[in-house]
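Structural overview
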Amino acid sequence: MTMLNDKKNLVSPMTGGQMILKWDLEEVVYRKETFKVWYPYYECMDTGNRFTTTESDGVWCRQVHEQYCQKYGIPYTDEIVALRARYGLSAQKMSLILGFGENQWRKYEQDEIPNVSNGRVIRSAMNPNMMMDFVNSARGVLTDKEYETVRAKVQNAIGQNEAMRIEAYETERVFAYARGEENGYAPLSLKRLKNVMLRVLEQCGEMWVTKMNKLLFYIDFVSYRERGMAMTGLAYRAIDYGPVPERWQKVYSEFDEISQEPRDMGEYEGQILVAKANADDGILSEEELSIIDTVCNKLKDCSSREVSAMSHEEKAWLDNHESHRMIPYAAAFELRLM
C-alpha cells in the first residue's frame, strides 16, 4: 500500500508541477442528510486546482458511511461479512432468509450501506435465536433439505452463544468505548489488538510500555487518516507523558503472548513488553500491516523519551493535555510526524 502522504510529490496532470496533499473539513450530503468529513485532496502548486485519487475518495466516503451507521445502529460492512461467516451460509441464502433482494446481501458485503430497516433486520440476525425465527419464517421458500441444513447451522451458533457472551465480556474489560467516533470506528477485537502489538514487537523488538503507548497512538491515527478507520479499537487520552490508550494497564496485561517484565530504569523501575509468540499476519489486511510497518520503521530506533518528545509536538496532545482530555480522531488529519 502507498499511503496518501507518500504521494505528496505527485506530478500535476495539468502543468507537470508539484502537488501537495491537503485535508479540508467539509459537509457532504448522503441520503438527504449532511455529515462533516475530512476530505483529502492534492493541490497543484502552480494552478491551485484540486485532484483526488481512488484512495483519497475512499477515505471521506468511509467517514460518511461510519457516521451514518453509528447514527442509525446499522452494522458496519465488516460485521455484515462476519455475520454470514458465522452462520456458514451463502450470500444468496442470507438474502432469501432475511427477505432481501436476491443479490442484496452481496452488495452489502461490497460496501453498500443498508437502509435503516434492512440494517436493523441484520442487527437482529446477529442474535442466533432471532436468526432461527427468520429461518422458520422463510421455510416456505426453502426446500426441506435447505431448511434442515440452515437450521442445523443456526442451531450450532446458538450452542456457541455462551462462548460469545464470555468473549464480549472480556472485550468490554479492555476497551473503554463501544465502536464509534471515540475509537475511530475500529472493530472491537482482542485478537486484532493482540496481533497489532505482536507485529510491533516483531518489527521493533522489546520495548518500554511508554514507547508502545505512542506507537499504538500513531498506528491508530495514521490508519484513521489513511483509511477512515482506526485499527486497534482503542481510545486515547492526552496525559503529561503523551498520548496513552484508555485502560492501558488492562491492554498490556490481557495477553499471555505478551509479557511485562520489570527493568531497572535508574531512579525507578519500569515495564518492558516482550513478545512470547509470533503475530498471525492473516488477522490483519495488507493495508493495515503496511501502516504498522511504516510507523515502526519511523520510530523503532528512537528511545521512549524521544518518541514521547515527538508526541508532545502533535496538536493532538497540545490541545488536550492540560485537562487530560480524550484525543478526538479528527486530530489524525493534523499529524506532524507521519
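Residues numbered from 1 in each chain as written. Predicted model: local features only at pLDDT ≥ 70, side-chain atom pairs only at ≥ 80, totals over all residues. Heavy atoms only, no water.

**Digging into the overall build of the chain**
The following threshold applies: Comment: elements are numbered from the N terminus, with helices defined as DSSP H or I runs of at least four residues and strands as E runs of at least two. In this treatment the radius of gyration is a C-alpha quantity, and the globule benchmark scales as 2.2 Å times the residue count to the 0.38 power. Relative accessibility decides the category of a residue: with a 1.4 Å probe and only protein chains considered, values under 20% of the type maximum give buried, values over 50% give exposed, and everything between is partly exposed. The contact criterion used throughout is that any non-hydrogen atoms of two residues lie within 4.5 Å. All accessible areas in this document rest on Shrake-Rupley with a 1.4 Å probe, and a residue is counted as covered only by the protein chains that are shown. Here Asp and Glu are counted as negative and Lys and Arg as positive; His is not counted, and neither are the chain ends. Throughout, a charge is located at the NZ atom of Lys, the CZ atom of Arg, the CG atom of Asp or the CD atom of Glu.
Within the chain, the regular secondary structure consists of 14 helices and eight strands. Against the globule reference of 20 Å for 338 residues, the chain gives a C-alpha radius of gyration of 22 Å, in line with a compact fold. Its C-alpha atoms put the chain at 70 × 55 × 35 Å along the principal axes. Here the chain holds 338 residues, and 48% of them are scored as buried. By sequence separation, contacts in the chain at least 24 residues apart represent 63% of the contacts at least 6 residues apart. Looking at the chain as shown, the accessible area adds up to about 16600 Å², and 46% of this sits on carbon and sulfur atoms. Considering the chain, the positive charge centre built from 42 side chains and the negative charge centre built from 52 side chains are found 4 Å apart.

**Digging into the pairing of strand β1 (residues 19–30)**
Rules: DSSP calls a pair of strands paired once it identifies at least 2 bridges connecting them.
Where β1 meets strand β2 (residues 33–44), 12 bridges bridge the pair, whose relative direction is antiparallel. Residue pairing in the sheet places L25 in a bridge with W38 of β2.

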